[in-house]
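# Secondary and tertiary structure notes
Okay, here's what each chain looks like letter by letter:
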Amino acid sequence: MIVIKDLTYGYHARNTLFQELNLTLPQGKVYGLLGKNGAGKSSLIKNMAGLVFPQKGSCTINGLEARHRRPEFLAQLYFIPEECELPPVTIPVFLRIYSVFYRCFDEAGFYEYLRIFNVPEKCQLHKLSFGQKKKIHIAFALAANTDVLIMDEPTNGLDIPSKIEFREIIARTRRYDKITIMSTHQVKDLDGLIDSVIIIDQGRVLLAADKEEIGQKLSFSAKRAGDDTIIYGIDAPGGRMTVSRNTGAETSTLDLEMLFNAAIYNPSGIRAVFQTQ
Amino acid sequence: MIALNRRQYLEHRQFYGLLALAIASLLFLLFFITWHWRESFSGGVGNGIFLIGLFGGGAAFSAFLYQELRHPAKTIWLLGIIASAGQKITLWIIYAVFLYGAGYTVIFYLIEALFFSIASGPQSAMMKANVFSNGFYSFYLVFVNFQLWLLVGSLTFRKGALIKTLLLMVLYFIIAATGNVVLMKAMTGENSITSSLPFNYFQFIHDGENIYVYLPASIQALINVSYNFLLPLFLSYIAYLKFTEKEI
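We now turn to the structure provided with this report.

### Thoughts on the overall build of chain A
Looking only at helices and strands, chain A has nine helices and 13 strands in total. Put simply, chain A has 277 residues, and 40% of those count as buried. Of the contacts formed within chain A by residues at least 6 apart in sequence, a portion of 66% connects residues at least 24 apart.

### Some words on the overall build of chain B
Scanning chain B from terminus to terminus reveals eight helices and three strands. From first element to last, N terminus to C terminus, chain B shows the α and β order α-α-α-α-α-α-α-β-β-β-α. For chain B, the C-alpha atoms occupy an extent of roughly 65 × 50 × 30 Å along the three principal directions. Counting over 248 residues, chain B shows a buried share of 21%. Taking all contacts inside chain B whose residues are at least 6 apart in sequence as the whole, residues at least 24 apart take part in 67%.

### Let's talk about the nonpolar core
Within soluble globular proteins, side chains that are nonpolar generally end up buried alongside one another. Core analysis: the largest hydrophobic core is formed by 78 residues, its most contacted members being Leu77, Ala139, Ile150, Val197, Ile198, Ile199 and Leu259 of chain A. Per element, the largest residue contribution to this core is eight residues, and it comes from helix H5 (residues 130-144) of chain A. Those residues in contact with Leu259 of chain A that sit more than four places away from it in its chain are Val197, Ile214, Val243 and Leu254 of chain A. By size, the runner-up hydrophobic cluster in this structure holds 32 residues, among which are Phe61, Ala85, Trp149 and Leu150 of chain B.

### Some points on helix H6 (residues 138-156) of chain B
Residue and element names in this part refer to chain B. Taking 1.5 Å of rise per residue, the 19 residues of H6 would be expected to cover 27 Å, and the 27 Å separating its terminal C-alpha atoms lies within 8% of that figure. The set of residues buried in H6 consists of Val144, Phe146, Gln147, Leu148, Trp149, Leu150, Leu151, Val152, Gly153, Ser154 and Leu155. Those residues of H6 that are buried lie in contact with helix H2 (45-65), helix H4 (85-118), helix H7 (161-188) and helix H8 (217-244).

### Focus on the interface of chain A and chain B
As a measure of interface size, the accessible area lost when the parts come together is often cited. Taken together, the 20 residues of chain A in the interface contact 20 residues of chain B. Breaking the side of chain A that touches chain B down by element, the ones donating at least two residues are helix H2 (71-74) and helix H3 (91-98) of chain A. Its residues assigned to classes, the side of chain A that touches chain B shows 15 nonpolar, no polar and five charged.

### Focus: the sheet that holds strand E2 (residues 15-25) of chain A
All names here are of chain A. Pairing is antiparallel across the open sheet formed by four strands, whose spatial order is E2-E1-E4-E5. Because the sheet does not close on itself, it has two edges, and the strands there are E2 and strand E5 (64-65). Here two bridges tie strand E4 (residues 56-61) to E5, and the two strands are oriented antiparallel to one another. Its bridge partner lying in E5, Ile61 is registered against Leu64. Sheet strands in contact with helix H1 (residues 41-49) are strand E1 (2-12), E2 and E4, and its direction is about 120° off that of E1.

### Side note on the environment of Tyr111 of chain A
Tracing the backbone through its elements, the reader meets Tyr111 of chain A in helix H4 (residues 107-117). For the pair Tyr111 of chain A and Glu153 of chain A, spaced 42 residues apart in sequence, the C-alpha to C-alpha distance is 23 Å.

### A word on the pairing of strand E2 (residues 201-206) of chain B
Remember that side chains alternate between the two faces of the sheet whenever the strand is regular. Residues and elements named next belong to chain B. As judged from the four bridges shared by strand E1 (residues 193-197) and E2, these two strands associate in the antiparallel manner. Residue pairing for E2: Ile193 is matched across the bridge by Phe204. Here E1 folds back onto E2, and the loop between the two strands holds three residues, one of which, Phe199, carries a positive phi near 60°. Hairpin connection between E2 and strand E3 (residues 209-214): a loop of two residues separates the two successive antiparallel strands, and Asp207 in this loop has a positive phi of roughly 50°.

### Here's the deal with the sheet that holds E3 of chain B
Residue and element names in this part refer to chain B. Sheet architecture is open: three strands sit in the order E1-E2-E3, paired in antiparallel fashion. The open sheet is flanked by E1 and E3, the only strands paired with a single partner. For this sheet the average axis-to-axis angle between neighbouring strands, irrespective of direction, equals 20°. Where H7 meets the sheet, it contacts E1 and E2, and its direction lies at approximately 120° from that of E1.

Parameters at a glance
Residues numbered from 1 in each chain as written. Chains lettered and ligands numbered in written order. Predicted model: local features only at pLDDT ≥ 70, side-chain atom pairs only at ≥ 80, totals over all residues. Helix = DSSP H or I, 4+ residues; strand = E, 2+ residues; numbered from the N terminus. Buried ≥ 20, exposed ≤ 12 C-beta atoms within 10 Å, placed from the backbone. Contact = placed C-beta atoms within 7 Å. Core = buried A, V, L, I, M, F, W, Y, C linked by C-beta atoms within 7 Å. Expected span 1.5 Å × (residues − 1). Nonpolar A, V, L, I, M, F, W, Y, C, P; charged D, E, K, R; others polar. Pairing = 2+ DSSP bridges. Axes fitted to C-alpha atoms, helices over the stretch in contact; angles between N-to-C directions.

This is the structure:
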């Protein structure tokens, strides 16, 4: 479990990005961390990974403080940054060097993910393109089987076929008892992959809820303007698409992009529904 | 530590080979220059060549070793490796100080032996290095501090760490040397002090003769212990603390 408690963080002491932020992420779920550019997504996951330190408060993974970066903590976590670098070695040498650090490393799984991603097994890693490097990182991260996997903009740099392959791989490796966090501003990329949505903006959590809860509380459907349950609406070719409070037992398909826009453009409406701070 | 060491070796073995080759070529060139113009050089050039390679190559080796601290993506990767900060710093010290120092000494003597097997002559014996006599090996202790300062500098500065650290070291030596002369003049009232070495000696002219004034042996021994053994420990600990505080 990841517990963020009263987290205050800023790039400078006087300029705080997060002010006493609280968030608890239980295991067994895939979390989509959504936000606009500069919303603080990367800072939040870097705090979780112990790559930056909070000014106040704490961030723990299974009770271990992130900022101390103890080996027991690092063994539970794999972090894929937005910009990926790989050492100047071949894949077999890379495995020989790094797989030993991870107790539950699945070598067969790693090669299987590479096959799905169409990454050649015989290549010098540092000569690969940005997208190829990212694929190797993702394959290695999934094969490492750590309790927590954090991916910062995982689909950045991937072409359209690779994004489909990425979705296939993530869907295939359901990490039932583990935590997977994917941070992105490309909301559509995570559609169908995540169990829980966290939307942040200007250092505040606008929404943190499971898809099930979102389905119970919100409805995504075409509605006429003037309905006072509407939180957000946009004119679309088929009519006015809306996000509204689910007053009955209405069922609708979650539209991540609509939800994201609703949270960004009507944060008070969303917070009122989900009773976030 | 074993896994970390394997990583350090396997990832950079190509560079180690290239650096060894570059150092060997440089040493060969320096031996050739000093031998070719041997009339222009006094004795002991071998020791001078040894120091150029030890410190110059050591700085280049350190610059390469700490490159992971210069790129955020590489730093994230490094920080994420499952090992303690102490283990990572210890491995860097082992490589930058001990392995480089030992490796360089072996390369130096091999190249020297090779060169003087080709270029023999009456002066060749005088031109050979004599690293392990007359206290010359104390430069190894200076080298330890030099490498540790580079490590601390690499962990302190985000950009141009090597250059900044080297410039600060030069600045320190200038300020220390001139400041020490001023201080000694003020303390002794002797205005003819011409040179000095902080925590070691000063020299002044009396009746046209150079007079050297050294510290008492017991104090000098204490300073030597502090400088050669305590300072490396402090620098290593500072490097460890800086590494634990490293953010992206």
